[in-house]
Protein chains: 2
Amino acid sequence: MTTDSTRERILQAAGEQFATDGFAQATIRAICRKAGVNIAAVNYYFGDKERLYIEAVKHARRLREKQAPLPTWTSSTPAEKKLREFVLTLLRRMLCEPGDPWQTRLIIREIMEPTKACEELVQEAFRPFFQILVDILREMMPATTPLYTVHHWALSVIGQCFYYRANEKILTMLIDQEELRQQFTVEKLSEHISDVILRGLGHLSSSSLSHPVATLRSNDETA
Amino acid sequence: MTTDSTRERILQAAGEQFATDGFAQATIRAICRKAGVNIAAVNYYFGDKERLYIEAVKHARRLREKQAPLPTWTSSTPAEKKLREFVLTLLRRMLCEPGDPWQTRLIIREIMEPTKACEELVQEAFRPFFQILVDILREMMPATTPLYTVHHWALSVIGQCFYYRANEKILTMLIDQEELRQQFTVEKLSEHISDVILRGLGHLSSSSLSHPVATLRSNDETA
DNA sequence: TATCGGATTAAACGCATGTTTTAAACAATT
DNA sequence: AATTGTTTAAAACATGCGTTTAATCCGATA
């Protein structure tokens with residue numbers, strides 16, 4: 001059947017186009033040109049532009065979760081290991097490795113300026129994902145820690161991961177290209193972010209740091 | 001003179017409109033309606049839409065820096081104090097307190113999708129601001145620390161601050177409204193973020209934490 | 001083979017946009 | 001009071017958009 005093929009080609013082209021240009025700027029004409037189908041095909045298969053957009057966002061999320069899934073943990077998996085793997089997965093999804101960059105860019109658009117498509121994202125992806133992180137952090141904090149403190153730490157994790165993707169283009173203007181290529185890989189970034197959090201929570205000794213940074217203090221003596 | 005008044009009214013209205021709708025979505029007609037001037041005034045004063053946009057971005061940056069300036073430090077100001085004040089200032093600018101929310105929203109748009117207006121932002125604001133942060137962090141790290149490690153930490157600071165603004169709307173969907181209002185104030189967030197960084201750098205003892213979280217370890221002994 | 005229904009196409013509609021044009025209003029100067 | 005240069009105003013222009021229409025294609029069915 002050419003039916004599914006056409007529908008899927010539109011979905012793919014729409015995802016790329018919406019990710020690049022945003023909902024309003026992306027034109028149905030451009031999407032159809034890229035997909036190699038007639039203009040009327042969008043209305044035929046999806047009704048209108050908005051419903052096509054919503055389907056494209058859902059499509060992107062599903063792809064993203066498949067391509068960078070969370071590992072499965074047992075009850076004996078240490079929280080530190082879970083945190084490191086969580087950060088690595090989140091960064092992989094953010095930086096779209098592996099995968100096409102348009103998927104995450106489309107999702108980030110929804111995060112920055114939520115539309116109708118966002119509700120599904122929060123329900124199906126963000127909320128459960130956030131809860132997993134909160135549970136991991138809880139394991140590493142005193143049972144009496146107030147919920148909002150756990151939330152603060154969770155957002156510190158997500159915030160650091162989010163930044164590298166969202167501010168991609170600014171980064172290339174602030175930091176040397178070669179340094180970015182060598183030192184800002186998914187692996188190195190996730191190691192750094194995990195270290196920041198684990199040290200902050202007191203779950204990492206100075207000696208085990210990849211780059212020990214705390215060997216002197218500004219107002220007192222050196223070690 | 002009504003000249004400046006008209007020009008400034010356009011600039012203000014354009015800032016708000018561009019911040020809300022983005023460059024392409026904001027219409028000259030809406031801007032002029034909001035400013036109470038004729039449609040042709042934009043072309044008369046700014047030439048075209050794009051130059052109006054660039055001026056509006058510059059305008060927003062200048063306002064933001066005036067309303068949330070960095071404090072002046074002496075050579076004897078401790079690095080920890082400088083970091084805390086830096087984070088507080090950055091968060092103030094991000095969350096637009098004090099000030100109208102449109103200013104930062106417009107700038108964040110430029111960060112996410114740089115246009116011609118971005119070059120000026122980086123040169124005049126981001127690069128110097130980033131350098132100040134790097135210098136503060138350097139004071140707290142061994143002299144032999146590689147530059148990219150300092151950059152990692154600097155981006156950890158900025159990333160955490162950035163997140164609360166960028167993901168404003170998602171936060172309200174993930175976290176209870178009352179908790180947000182009470183626990184996610186500029187002061188509390190900046191304290192948390194500073195604590196995360198200072199602890200990570202080994203410049204903060206557990207006892208001085210606002211919410212001591214590291215009273216247990218999962219796999220080894222406590223300090 | 002004839003027919004029927006879903007899939008595709010080209011063309012057109014109505015509308016909103018950025019920009020330009022042309023004229024009017026205004027203030028300052030002679 | 002007349003004139004000049006600057007500012008405001010309304011209308012029109014060309015363009016590109018999302019959507020709809022009506023005709024055509026084409027494979028499965030009888």
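Residues numbered from 1 in each chain as written. Chains lettered and ligands numbered in written order. Predicted model: local features only at pLDDT ≥ 70, side-chain atom pairs only at ≥ 80, totals over all residues. Heavy atoms only, no water.

Colleague: So what exactly am I meant to see when it comes to the protein's contact with DNA strand D here?
Modeller: In the region of DNA strand D, 17 residues are neighbours, and Arg29 and Lys49 of chain A together with Thr6, Tyr44 and Tyr45 of chain B sit closest. Within 4 Å of the protein, the atoms of DNA strand D are drawn from sugar and phosphate moieties in a proportion of 58%. Note that a phosphate oxygen of DNA strand D is positioned 2.8 Å from one of the side-chain N or O atoms of lysine 49 of chain A. Secondary structure elements with two or more residues in the surface near DNA strand D: α2 (28-35) and α3 (40-46) of chain A together with α1 (2-25) and α3 (40-46) of chain B. Residues that form the surface near DNA strand D fall into these classes: 7 nonpolar, 6 polar and 4 charged. (Near = heavy atom within 4 Å. Polar contact = N/O pair within 3.5 Å; in protein donor to acceptor, adjacent residues only side chain to side chain. Helix = DSSP H or I, 4+ residues; strand = E, 2+ residues; numbered from the N terminus. Nonpolar A, V, L, I, M, F, W, Y, C, P; charged D, E, K, R; others polar.)

Colleague: Mind showing me how you'd approach the packing of aromatic side chains here?
Modeller: All names here are of chain A. The full count for this structure, using the stated rule, is 17 aromatic pairs over all chains. Ring centres of phenylalanine 86 and phenylalanine 129 lie 4.5 Å apart, and the angle between their planes is 25°; this geometry places the pair in the stacked category. In this pair, phenylalanine 86 is assigned in helix α5 (residues 79-95) and phenylalanine 129 in helix α7 (residues 118-139), connecting sequence segments 43 residues apart. The pair phenylalanine 86 / phenylalanine 129 is uniform in exposure class, with both members buried. On the basis of an interplanar angle of 65° and a centroid distance of 6.2 Å, the ring pair of tyrosine 164 and phenylalanine 184 is categorised as edge-to-face. (Phe/Tyr/Trp six-rings, centres within 6.5 Å; stacked < 30°, edge-to-face > 60°. Buried < 20%, exposed > 50% of the residue type's maximum accessible area, 1.4 Å probe, protein only.)

Colleague: Explain the side chain of serine 190 of chain A here, please?
Modeller: In this fold, serine 190 of chain A is placed in helix α11 (residues 186-200). One polar contact links the side chain of serine 190 of chain A to the main-chain carbonyl oxygen of glutamate 187 of chain A, over a distance of 3.2 Å.

Colleague: Teacher, can you tell me more about the domain arrangement of chain A here?
Modeller: All names here are of chain A. Here the domain parsing of chain A yields domain 1 (3-47) and domain 2 (70-222). Between domain 1 and domain 2, the contact holds 8 residues from the first and 5 residues from the second. Together, the buried faces of domain 1 and domain 2 total about 530 Å²; carbon and sulfur atoms form 60% of this surface. Three residues stand out in domain 1 for area buried against domain 2, namely Gln12, Gly15 and Ala19, and they jointly supply 59% of the buried area on that side. Joining domain 1 to domain 2, the criterion identifies 0 salt bridges. Counting across the interface, domain 1 meets domain 2 through 3 residue pairs in polar contact (both at pLDDT 80 or more). (Domains from an automatic or database assignment. Contact = heavy atoms within 4.5 Å. Buried area = accessible area lost by both parts, 1.4 Å probe. Salt bridge = Lys/Arg side-chain N within 4 Å of Asp/Glu carboxyl O.)

Colleague: Where do I start with the confidence of the model for chain A in this structure?
Modeller: Interpreting fine coordinate detail is not advised for predicted regions of low pLDDT. Confidence in the prediction for chain A averages 89 pLDDT; 90% of positions are at 70 or higher. When the criterion is pLDDT under 50, residues 207-223 of chain A qualifies, and its contacts beyond four places in sequence or with other chains add up to 36 contacts. (pLDDT = per-residue confidence, 0-100.)

Colleague: How should I be thinking about the environment of glycine 200 of chain B in this particular structure?
Modeller: Along the chain, glycine 200 of chain B turns up in helix α11 (residues 186-200). Between the alpha carbons of glycine 200 of chain B and glutamate 50 of chain B there is a distance of 44 Å; along the sequence they are 150 residues apart.

Colleague: Help me out: how do you make sense of the protein's contact with DNA strand C in this one?
Modeller: Neighbouring DNA strand C are 17 residues; Thr6, Tyr44 and Tyr45 of chain A together with Arg29 and Lys49 of chain B lie closest to it. Taking the atoms of DNA strand C that fall within 4 Å of the protein, sugar and phosphate contribute 59% of them. At 2.5 Å from a phosphate oxygen of DNA strand C is found a side-chain nitrogen or oxygen belonging to tyrosine 45 of chain A. A distance of 2.7 Å separates a phosphate oxygen of DNA strand C from a polar atom in the side chain of lysine 49 of chain B. Of all the elements in the fold, those that place two or more residues in the surface near DNA strand C are α1 (2-25) and α3 of chain A together with α2 (28-35) and α3 of chain B.

Colleague: Help me understand unusual backbone geometry in this model?
Modeller: The phi torsion of most residues other than glycine is negative, and most of the peptide bonds are trans. Residues and elements named next belong to chain A. Of the consecutive residues glutamate 97 and proline 98, the connecting peptide bond is found in the cis state with omega at -5°. Within the fold, proline 98 resides in the loop between α5 and α6 (101-112). A positive phi angle is found at cysteine 96, which is not glycine, with a value near 60°.

Colleague: Would you explain the relation of the copies chain B and chain A in this entry?
Modeller: Applying a rotation about an axis and a shift along it to one chain copy brings it onto the other copy. Overlaying chain B on chain A yields an RMSD of 0.0 Å, the required transformation being a rotation through 180° with an accompanying axial translation of 0.0 Å. The superposition of one copy onto the other is thereby described by a two-fold rotation axis. (Least-squares fit on C-alpha atoms with pLDDT ≥ 70 in both.)

Colleague: Would you take a moment to explain the interface of chain B and chain A for this structure?
Modeller: Size of an interface: often given as the accessible area lost when the parts come together. At the interface, 65 residues of chain B touch 63 residues of chain A. Counting across the chain B and chain A interface gives 2 salt bridges. In this structure, the salt-bridge partner of glutamate 113 of chain B is arginine 109 of chain A, at a minimum N-O distance of 2.8 Å. Where chain B packs against chain A, one counts 16 residue pairs in polar contact (both at pLDDT 80 or more). Listed by contribution, the elements that provide at least two residues to the side of chain B that touches chain A are α1, α5 (79-95), α6 (101-112), α7 (118-139), α8 (147-166), α9 (168-174), α10 (177-183) and α11 of chain B. No other element matches α8 of chain B, which puts 15 residues into the side of chain B that touches chain A. Its residues assigned to classes, the side of chain B that touches chain A comprises 37 nonpolar, 18 polar and 10 charged.

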